[in-house]
Amino acid sequence: MIRLYISGATPRSTRAVEALKALAEELGESCEVEIIDVYQQAARARQDNVLVTPTLIERSRGAVRRLVGDLSDSRRLRAALGLAKV
Amino acid sequence: MSDALRRELYRLRERLAVAEQALRAIREGEADAVLAAGPGGCRVFTLEGAEHPYRVFLEQMQEGAAALDSQGAILYANQRLAALLETPLEKVIGRSLENWVPAETRPEFRQWLDRALREGARAELDLAAASGRRVPVGLSGRSPGAGVVPALCVVVTDLSESRQREDQLRRQTELLARARAELERQTSELARSNAELEQFASVLAHDLREPLRAVLNYARLLSDRCADSLDDRARRYLGRVLGGAERLDRMIEGLLEFSRVTTRGRPPAPADAETVFVQACADLRELIESAGASVTHEPLPTVMADETQLLRLFENLLANAIKFRGAHPPRVHVWAEPRDGFWRFGVRDNGIGVEPRDQERIFAPFQRAHHGPQYPGEGLGLAVARRIVERHGGQIWVESRPGHGSTFFFTLPGAGQSAYEQARGARAG
């Protein structure tokens, strides 16, 4: 499960959404993505202890990985998601 | 170290790491908003720009709003759009808007997307909400500029309600058209049966006259030439026969006149009511003089009327006003005033008046409010008057206080209005 927290249509948030969208397409059906706008769904941010946006959270097998920023650095994004280098 | 302490330490370390990561992101300009837990819930502090009013506007507006990339993927959406698509907001952002476009409207959607990206465009099409429900929407999209993210700003308007209203309006219009057609059918049916009835009455009156003439002629012959051979009783009976036959003849004559108002009427043309009224007074001079009546009038206008029928109308009303006189010599006054494109005429007398219960009845054929030798007549004068007025599109009625006289009112179209209608008719033809 991948969650991306964004704050409305701010520049970094929209860039982060674009980057994640591109990656999700690459990965196909196998990954489930939720994108949460903290303005409109603030309670969700609190559950995940999100302090800033954009923040990407990936949970698998009890481990939590976080990445803060616009996700434009695909190497860091892949590392955060535990994906091997292509 | 106890397990509890170790767990606490681990939790604190984790929180510290999250906080450090957040701090670093802020320092390096990678974050654009900070979230802070407060008593009223979580608050969001935007690090860049005074975007607050725009954000509130987008979030609160009653239309769906979305920012798309050039492929149609949703980078941002407001709650209203999520509600319209019946999909949680977190499942809307990041997916392509095309996911909610049913297959049959997809070409239309792509055309709109292309045009919207190039020059801004609107479209009306159906979206499919998560439940499968079709939602008619208006899409309005415009690009903020080349190379800018997002590529397209879109407003999605739910048209379900206005479509429903349109459907309702259409249904009502159809109903109305059907009702109107039915009304027209009934009206023409009524006109046809009316015409038949009139013809029937006219034929009947005509045919009744022949045998009646024979009765009248032979009764007169009997009374003129054979009176000597009859005794008193036979002469009395013969007198009754003659009286009855003559009355029947007058009734048939009246009925024929009544039916001829429509069958022999001429088309209305401008007629000077003043001239016609003076003529009516001249025709009734004998009656007026013998009753010692005074007839006065104010200047009368030109109206659209069949002049012969207008004359008949004045004669009937004047004769009535004089006939139903009270103790004083009859005084009749006639005037006219404009009302809504019509002229309203008044004929006021100082006669015996009409009881409220009779004020409608007296305009029906053979209906009379007063009987007796001082009020001769067959009860057709006002029926003919009403028929004449209604044939001209007017109305006739009486206002009266018994013992204090009556005023008969009737309306006729003014010549000006009808001239206008004639001109309009001529243009249309």
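Quick caveat, the model's predicted, so the values are computed rather than measured. (Residues numbered from 1 in each chain as written. Chains lettered and ligands numbered in written order. Predicted model: local features only at pLDDT ≥ 70, side-chain atom pairs only at ≥ 80, totals over all residues. Heavy atoms only, no water.)

(A) Inspection of the packing of helix 7 (residues 273-283) of chain B against helix 9 (residues 307-323) of chain B at higher detail. Residues and elements named next belong to chain B. At a minimum axis separation of 9 Å, helix 7 and helix 9 run at an interaxial angle of 50°. Relative to helix 9, the element helix 7 lies oblique. Considering only the axes of helix 7 and helix 9, their crossing is right-handed. Between helix 7 and helix 9, the contacting residues are A273, V276, F277, Q279, A280, C281 and D283 on the first element and E307, L310, L311, F314, E315 and L318 on the second. (Axes fitted to C-alpha atoms, helices over the stretch in contact; angles between N-to-C directions. Helix = DSSP H or I, 4+ residues; strand = E, 2+ residues; numbered from the N terminus. Parallel < 35°, antiparallel > 145°, perpendicular 65-115°, else oblique. Left-handed = near helix turned anticlockwise from the far one by under 90°. Contact = heavy atoms within 4.5 Å.)

(B) Fine view of the pattern of salt bridges. Enumeration according to the criterion identifies 40 salt bridges over all chains in this entry. A salt bridge links B:D249 to B:R209; its shortest N-O distance comes to 3.8 Å. Of this pair, B:D249 sits in helix 6 (residues 232-263) while B:R209 sits in helix 5 (residues 160-225), placing them 40 residues apart in sequence. Exposure remark for B:D249: the relative accessible area of 15% places this residue in the buried category. Here B:R312 ties to B:E315 by a salt bridge, and the two come within 3.4 Å at their closest N and O atoms. Linking B:R312 with B:E315, this pair stays in helix 9, spanning three residues, or about one helical turn. Members of the salt-bridge network, linked through shared partners, are A:R3, A:E32, A:E34, A:R44, A:D48, A:R59, B:E90 and B:K91. (Salt bridge = Lys/Arg side-chain N within 4 Å of Asp/Glu carboxyl O. Buried < 20%, exposed > 50% of the residue type's maximum accessible area, 1.4 Å probe, protein only.)

(C) Molecular detail of the confidence of the model for chain B. Chain-level pLDDT for chain B is 86 on average; 93% of the residues reach the 70-or-more range. With a pTM of 0.48, the predicted complex shows an ipTM of 0.77. (pLDDT = per-residue confidence, 0-100.)

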